[in-house]
Amino acid sequence: MKNPLSRRSFLEKTLAAGALFSLPSLIPAGALGKDGQTAPSNRITLGGIGINHRGGYVLGYFLKQPEVRFLAISDIRRDRRETVKAIADEKYGTKDTAMYRDFQEMLERKDIDAVLIATGDRWHTTASVYASRAGKDIYCEKPCGITIDQCRTLAETMKRNGTIFQGGTQRRNVDNCRAACEFAQSGKLGKIHTAHASIYYMYYRTDWLPAEPLPDRDVVDWDLWLGPAPWRPYNSEYVLKSRWRAHYDFDSGARHLDWGAHTVDLCQWALKKDGTAPVYYRSEGNRIYAEYKDGVKLIMRPDGWMGLGTCPIRLEGDEGWLEVGDSGNMIVSLKSWKGETKNILTPNDPQNRLSFGECPEKHVRNFLDCVKSRRQPVCNADIIRSSHVACHASALSWILQRELRFDPEKEMFLGDDQANRMRSRAVREPWTI
């Protein structure tokens, strides 16, 4: 399905055609977008897939947008379905929000324009591919793919179907992160030779939690929760306490992409490396050292930061350096740079803790504007592909505990069959994509 006719476009064409043949004596103000209402032709209808903590936070920003109408929630857990329905019904003063256990049933609805996907990591690519095939635009939480191969499939599917896709790496739309990357690209740091990206302490496990009796399918659909991941016995802590994190079958890259999806992405943007990835990787303890083809270095580390909040990055050039994080501030090495943009500090200045990085408001707004214009969002599937691939390649160097050389164009490791096999994972039927 390429460039499917959206509900908005259909309404616009229908209303325009109708105007040629008849002139109603009375047109409701809501149909014209007057009295503070959004005209149906401009409305974006939304469905949710797997909405809980982070997904609920992002959904809150969607519900604030005047043109968004949330129509349906799909989740394998009944309590989540009921919670999200109650939020939406209260917002609109109705009882109309539909609930689905299986997201495929929701995707069959022709009146839904876009979906918010906030499931566990194992589902992100598969759910996105199914949604794209159904003609829906997509806002998907990160990591958008748990293997290099999934990132390739995701990008190719979105391009083939003309889907507007926004990955949930929202810091490209956060003011101080944007300012830092643009500051670096302006040349004020000189030639940048090293970028630093913060990551979690890496860890993964391959054991199973003890088996427990299966709940009623309507309460928790365990088979659908697993989805494309390998089968294992039910344990409530996977589902109710998010104990799936760090389990290799469900997570991505030894938790490397939890922060790396954000910070490596910012480094790639600042270095003008979108569309490529480093060609060399090695790990030492909790640090991963990578190098691009032109010799620029990328260091991924969990510690040694200046206290600027979560997800910091550091950019070092011949003429100075900067560090930025979620506090909303940026520390630079030269006092002469202060005042060039707001919230620039030098190392001894007191800091304001503004915590901007987690706010997805502008990211949501960018996605909705692109749904209307059909232009690409700032974190489209191609951007996600290259930054995620860099994360996955570096994570594999840590997991395998050896140096890896990588061809970014072919997305293949050089001379390492085991690493190349780990670019993909087995998928449980019927969820092959």
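**Examining the pairing of strand β15 (residues 404-407)**
Consecutive residues of a regular strand have side chains that alternate between opposite faces of the sheet.
Step number 1: Of the strand pairs in this sheet, strand β8 (residues 280-284) and β15 are connected by 2 bridges, and their pairing is antiparallel. Bridged to Y281 within β15 is L404.
Step number 2: With 2 bridges joining them, β15 and strand β16 (residues 412-413) adopt antiparallel strand pairing. Across the sheet, residue F406 finds its bridge partner in β16, namely F413.
Step number 3: Linkage of β15 to β16, two consecutive antiparallel strands, is achieved through a turn of 4 residues, within which E411 is found at a positive phi near 55 degrees.

**Points about the nonpolar core**
Step number 1: Residues L298, M300, L315, L322 and F413 are the most contacted members of the largest nonpolar core, which totals 52 residues.
Step number 2: At 9 residues, the largest contribution of residues to this core is made by helix α13 (residues 381-400).
Step number 3: Non-local contacts of F413, meaning those with residues more than four positions away in its chain, are made with I148, A393, L396, L404, R405, F406, A419, N420 and R423.

**Here we look at the layout of surface pockets**
Step number 1: Taken as a whole, the largest pocket encloses approximately 840 Å³ of empty space.
Step number 2: R54, A118, T119, W244 and R245 are, among the 43 residues lining the largest pocket, the residues nearest its centre.
Step number 3: Counting only elements with at least two residues in the lining of the largest pocket, the list comes to α3 (53-64), α6 (124-133), α9 (222-226), α10 (236-240) and α11 (256-270).

**Topic: the confidence of the model for the protein**
Step number 1: With 85% of its residues at a pLDDT of at least 70, the protein reaches an overall mean of 90.
Step number 2: Throughout residues 1-5 the model reports pLDDT below 50, and contacts reaching past four residues in sequence, or to other chains, amount to 13 contacts.
Step number 3: Counting interchain partners and residues more than four positions distant, the pLDDT-below-50 stretch residues 14-32 has 10 contacts.

**Overview of empty space enclosed by the protein**
Gaps left between atoms show up when a probe the size of a water molecule is rolled over them.
Step number 1: Summed over the entire model, instances satisfying the criterion amount to 1 cavity of 30 Å³ or more.
Step number 2: Estimates place the volume of the largest cavity at around 90 Å³.
Step number 3: Lining the largest cavity, in full, are I146, T147, I148, Y248, S252, G253, H392, A395, L396, I399, M422 and R425.
Step number 4: Counting residues per element, the lining of the largest cavity draws most heavily on α13, which supplies 4 residues.

**A closer look at the pattern of salt bridges**
Step number 1: Going through the model one piece at a time under the given rule, you end up with 34 salt bridges.
Step number 2: Between K85 and D89 there is a salt bridge, with its nearest N and O atoms 2.9 Å apart. Note that K85 and D89 are positioned in helix α4 (residues 78-92) at a spacing of 4 residues, about one turn of the helix.
Step number 3: Linked through salt bridges whose partners overlap, the residues forming this network are E67, R365, D369 and K372.

Quick notes on the rules
Residues numbered from 1 in each chain as written. Predicted model: local features only at pLDDT ≥ 70, side-chain atom pairs only at ≥ 80, totals over all residues. Heavy atoms only, no water. Pairing = 2+ DSSP bridges. Helix = DSSP H or I, 4+ residues; strand = E, 2+ residues; numbered from the N terminus. Core = buried A, V, L, I, M, F, W, Y, C linked by side-chain atoms within 4.5 Å. Buried < 20%, exposed > 50% of the residue type's maximum accessible area, 1.4 Å probe, protein only. Contact = heavy atoms within 4.5 Å. 1 Å grid on protein atoms, 1.4 Å probe; cavity = no way out; pocket = protein on both sides within 12 Å on 5 of 7 lines; lining within 4 Å. Points joined across faces, edges and corners; volume = space filled by probe spheres on them. pLDDT = per-residue confidence, 0-100. Salt bridge = Lys/Arg side-chain N within 4 Å of Asp/Glu carboxyl O.

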